[in-house]
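# Architecture at a glance
As a plain string of letters, each chain reads:
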Amino acid sequence: QVQLVESGGGLVQAGDSLRLSCAASGRTFSNAAMGWFRQGPGKEREFVAAISGTATYTHYADFVKGRFTVSRDNAKNTVYLQMNSLKPEDTAVYYCAARERLSSIVTMRLNYDYWGQGTQVTVSS
């Protein structure tokens, strides 16, 4: 059974940093693209960042460029999201997602086949 488990969320102040982790189990995703999405209160789930299977390519939503960094450790079957200079508007549940096999980066939710349960990030002003 494939599982994606996020961790690292919490309550921080504006300007602080957090690093989210997403550990995959049940199969290896070393050749598949993985992404991060978030869903704020009363909002739809939106794309945050993605990384290709070999980590050659990354892509970010405009609102996190220069602040967030996505990375992966295929030996650990884990993807990370380093979040710096956090803002109150970054408050959301953060989800990681994985494609079944394809390595190319995509930003639409429907292109991801596996999802984690999410981890809450709350940024106070």
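For the structure given in this document, a descriptive report is provided here. (Residues numbered from 1 in each chain as written. Predicted model: local features only at pLDDT ≥ 70, side-chain atom pairs only at ≥ 80, totals over all residues. Heavy atoms only, no water.)

### Digging into the packing of aromatic side chains
What counts is decided by this rule: Between the rings of Phe, Tyr and Trp (Trp by its six-membered ring), a pair exists once the centres lie within 6.5 Å; its type follows the angle of the planes, with under 30 degrees stacked, over 60 edge-to-face, and the other angles tilted. Helix numbering and strand numbering both begin at the N terminus, where a helix is a DSSP run of H or I of at least 4 residues and a strand a DSSP run of E of at least 2. Whether a charge lies above a ring is judged from NZ of Lys or CZ of Arg, which has to be within 6 Å of the ring centre and within 35 degrees of the ring normal.
For the structure shown, the criterion picks out five aromatic pairs. Arranged with centres 5.5 Å apart and planes meeting at 70°, the rings of F29 and Y114 form a pair that is edge-to-face. Here the residue F29 occupies a position in the loop between β3 (18-25) and β4 (34-39), and Y114 occupies one in strand β10 (residues 114-115), the gap between them amounting to 85 residues. The rings of F37, F47, Y112 and W115 are connected pair by pair, giving a single aromatic cluster. If you follow R27 out to its NZ or CZ, it ends over the ring of F29, 4.3 Å from the centre. Here R45 stacks its cationic end above the ring of Y95, 3.6 Å away from the centre of that ring.

### A short note on the nonpolar core
Formally: Definition used in this section: a nonpolar core is a set of buried Ala, Val, Leu, Ile, Met, Phe, Trp, Tyr and Cys residues joined via side-chain atoms within 4.5 Å. Three labels apply to residues, based on accessible area from a 1.4 Å probe with only protein chains included: buried if under 20% of the type maximum, exposed if over 50%, partly exposed otherwise in between. By definition in these notes, contact holds between two residues if any of their heavy atoms fall within 4.5 Å.
Counting residues in each nonpolar core, the largest one holds 34 residues, and the members touching the most others are W36, L81, M83 and Y94. Those elements giving two or more residues to this core turn out to be β3, β4, β5 (46-51), β7 (68-73), β8 (78-83), β9 (92-98) and β11 (119-124). If near-sequence neighbours (up to four positions away) are discounted, Y94 is found in contact with E6, L20, W36, F37, R38, V48, F68, L81, M83, G118, T119 and V121.

### Details of the pattern of salt bridges
Applicable threshold: Whenever Lys or Arg places a side-chain nitrogen within 4 Å of a carboxyl oxygen from Asp or Glu, that contact is recorded as a salt bridge.
Across all of its chains, the model carries six salt bridges by this definition. Between R67 and D90 there is a salt bridge whose closest N-O contact spans 2.7 Å. In this pair, R67 sits in the loop between β6 (58-60) and β7 while D90 sits in the loop between β8 and β9, placing the two residues 23 residues apart along the sequence. Residue R67 shares its accessibility class with D90, and that shared class is buried.

### Structural notes on the sheet that holds strand β1 (residues 3-7)
To keep things clear, this is the line we draw: Paired strands, in this sense, are two strands between which DSSP finds at least two bridges. Fitting a line to C-alpha atoms yields each axis, with helices limited to the stretch in contact; the angle taken between N-to-C directions then spans 0 to 180 degrees.
Overall, antiparallel pairing links the four strands, which are arranged β1-β3-β8-β7 in an open sheet. Each having just a single partner strand, β1 and β7 make up the two edges of the open sheet. Ignoring which end each strand starts from, the neighbouring axes of this sheet average 15° apart. Relative to β3, β1 is paired through five bridges, and the arrangement is antiparallel. Note on β3: the bridge partner recorded for S7 is S21.

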